[in-house]
Amino acid sequence: MIGIFDSGVGGLSVFREIRKLLPQESYIYYSDNAHCPYGEKTREYITDRARYITRELLSKGADIIVVACNTATAAAIATLRAEFPDIRFIGMEPAIKPAALSTRTGVIGVLATAGTLKADKYLLNRGRWAENVRIVEHVGKGFVELVESGDTCSESAEKTVRESLEPLLDEGADKIVLGCTHYPFLSGTIRKVAQELYPERDVEIIDPAPAVARHLVEVMEAEGLMKEEDQAYSISLLSSGDDSCLKETYKRLL
Ligand code: DGL
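What this report covers is the structure whose coordinates are included nearby. (Residues numbered from 1 in each chain as written. Predicted model: local features only at pLDDT ≥ 70, side-chain atom pairs only at ≥ 80, totals over all residues. Heavy atoms only, no water.)

## Observations regarding the nonpolar core
And then number 1: Residues Ile2 and Ile18 are the most contacted members of the largest nonpolar core, which totals 51 residues.
And then number 2: No other element matches helix α10 (residues 209-223), which puts seven residues into this core.
And then number 3: Here Ile18 is in contact with Ile2, Ile4, Tyr27, Val66, Ala213 and Leu216, once residues within four sequence places are set aside. (Core = buried A, V, L, I, M, F, W, Y, C linked by side-chain atoms within 4.5 Å. Buried < 20%, exposed > 50% of the residue type's maximum accessible area, 1.4 Å probe, protein only. Helix = DSSP H or I, 4+ residues; strand = E, 2+ residues; numbered from the N terminus. Contact = heavy atoms within 4.5 Å.)

Shown next, in the form of structure tokens:
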């Protein structure tokens, strides 16, 4: 069984991609929405939550865990791997590489949480590419709250998106890397705002979820974790707070 967690519904954007490749697998998804957002919390706080959720998922039968949250990956995945050495953890990372390899303007924009942008893991990843391209960043201010409240395309969602996106586009970015798993739910609005602000630029939005899903399949094959095809499968949704947004978003998406 595949365990997946995030601070909220964001990880469902990763679950959606995984499910396309592995429709017959069993899943358990944990939304930590009672403690959402993670973006501004300390590394210790997030690590404690990640540890707790990992135990929950393992106790319910997960045998591999997807940390479907960039902030939790940056803060806690090394600790999780050290403390649960028999379990494979698959994490998230802003997809700077494909953006850097395909930019035409030589500028890529990264939207992520404050926690992700200041983490060593991110700075290391960024450092590998910063010589060849200019990388500009912005916190997606208010994005997580929009997605958790189910508001992804209203006028006020557009205004919120514009405030964080415009500075990146003004710097010349033609690739927008989504460094938070909540942000793909705002892709339509991000695209619309980019189109309005820079209609001639053909801005591309890059979400790492499909690549993460492919990586998960490779790891599961290598570790012999794939389920036999004819076995029954199940999907459980858990949350630490009110689960209405999780159920709603799940229904809409999958
Ligand atoms: N979805 C998360 C991420 O990928 C965390 C957002 C938050 O809770 O601030 O970073």
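## Focus on the sheet that holds strand β7 (residues 175-179)
And then number 1: With parallel pairing, four strands are arranged side by side in an open sheet as β6-β5-β7-β8. The sheet is open, and its two edges are formed by β6 (134-139) and β8 (204-206), each paired on a single side. Between one strand axis and the next, the sheet turns through 25° on average, direction left out of account.
And then number 2: Taken together, the six bridges between strand β5 (residues 107-112) and β6 define a ladder with parallel strand orientation. Looking across to β6, one finds that Ala112 is bridged to Val139.
And then number 3: Relative to β6, helix α8 (residues 155-170) is tilted by about 170°, and along the sheet it contacts β5, β6 and β7.
And then number 4: Across the sheet, helix α9 (residues 187-197) touches β5, β7 and β8, and the angle it forms with β8 is around 150°. (Pairing = 2+ DSSP bridges. Axes fitted to C-alpha atoms, helices over the stretch in contact; angles between N-to-C directions.)

## Describing α10
And then number 1: The terminal C-alpha atoms of α10, which comprises 15 residues, lie 21 Å apart, in line with the 21 Å expected from a rise of 1.5 Å per residue.
And then number 2: Within the span of α10, buried status applies to Ala209, Val212, Ala213, Leu216, Val217, Val219 and Met220. Projected down its long axis, α10 shows its buried positions confined to an angular sector of 165°, all on one face. Among the exposed residues of α10, those oriented more than 90 degrees off its buried face are Glu218, Glu221 and Ala222.
And then number 3: Buried positions along α10 lie against β1 (2-6), α1 (12-21), β3 (64-67) and β4 (88-90).
And then number 4: Gly224, located one to two residues past α10, shows a positive phi value of around 65°. (Expected span 1.5 Å × (residues − 1). Arc of directions from axis to C-beta.)

## Comments concerning the environment of Tyr45
And then number 1: Tracing the backbone shows Tyr45 in helix α2 (residues 43-59).
And then number 2: Among the residues examined, Tyr45 registers a relative accessible area of 31% and is labelled partly exposed.
And then number 3: Through-space distance from the C-alpha of Tyr45 to that of Ala72 is 10.0 Å; in sequence the pair is 27 residues apart.

## Some details on the packing of α8 against α9
And then number 1: Interhelical geometry of α8 versus α9 gives an angle of 60° and a closest axis separation of 9 Å. Taken together, the axes of α8 and α9 are oblique relative to one another. In this structure, α8 crosses over α9, and the sense of that crossing is right-handed. Contacts between α8 and α9 involve Ala157, Glu158, Val161, Arg162, Leu165, Glu166 and Leu169 on the former and, on the latter, Thr189, Ile190, Lys192, Val193, Ala194, Glu196 and Leu197.
And then number 2: Residues belonging to the contact of α8 with α9 are distributed by class as follows: eight nonpolar, one polar and five charged. (Parallel < 35°, antiparallel > 145°, perpendicular 65-115°, else oblique. Left-handed = near helix turned anticlockwise from the far one by under 90°. Nonpolar A, V, L, I, M, F, W, Y, C, P; charged D, E, K, R; others polar.)

## Considering the site of the ligand
And then number 1: The immediate surroundings of the ligand are formed by 14 residues, with Ser7, Tyr38, Asn70, Thr71 and His182 found nearest.
And then number 2: Tyr38 has a polar backbone atom sitting 2.6 Å from an oxygen atom of the ligand.
And then number 3: At 2.8 Å, a backbone N or O of Gly39 approaches an oxygen atom of the ligand.
And then number 4: When the free accessible area of the ligand is taken as 300 Å², the share hidden by the protein chains comes to 99%. (Near = heavy atom within 4 Å. Polar contact = N/O pair within 3.5 Å; in protein donor to acceptor, adjacent residues only side chain to side chain. Areas by Shrake-Rupley, 256 points an atom, 1.4 Å probe, with all protein chains shown as cover.)

## Notes on the pairing of β5
And then number 1: With six of six residues buried, β5 lies mostly within the body of the structure.
And then number 2: What you see with β5 is no split at all: Val107, Gly109 and Leu111 on one side and Ile108, Val110 and Ala112 on the other are buried throughout.

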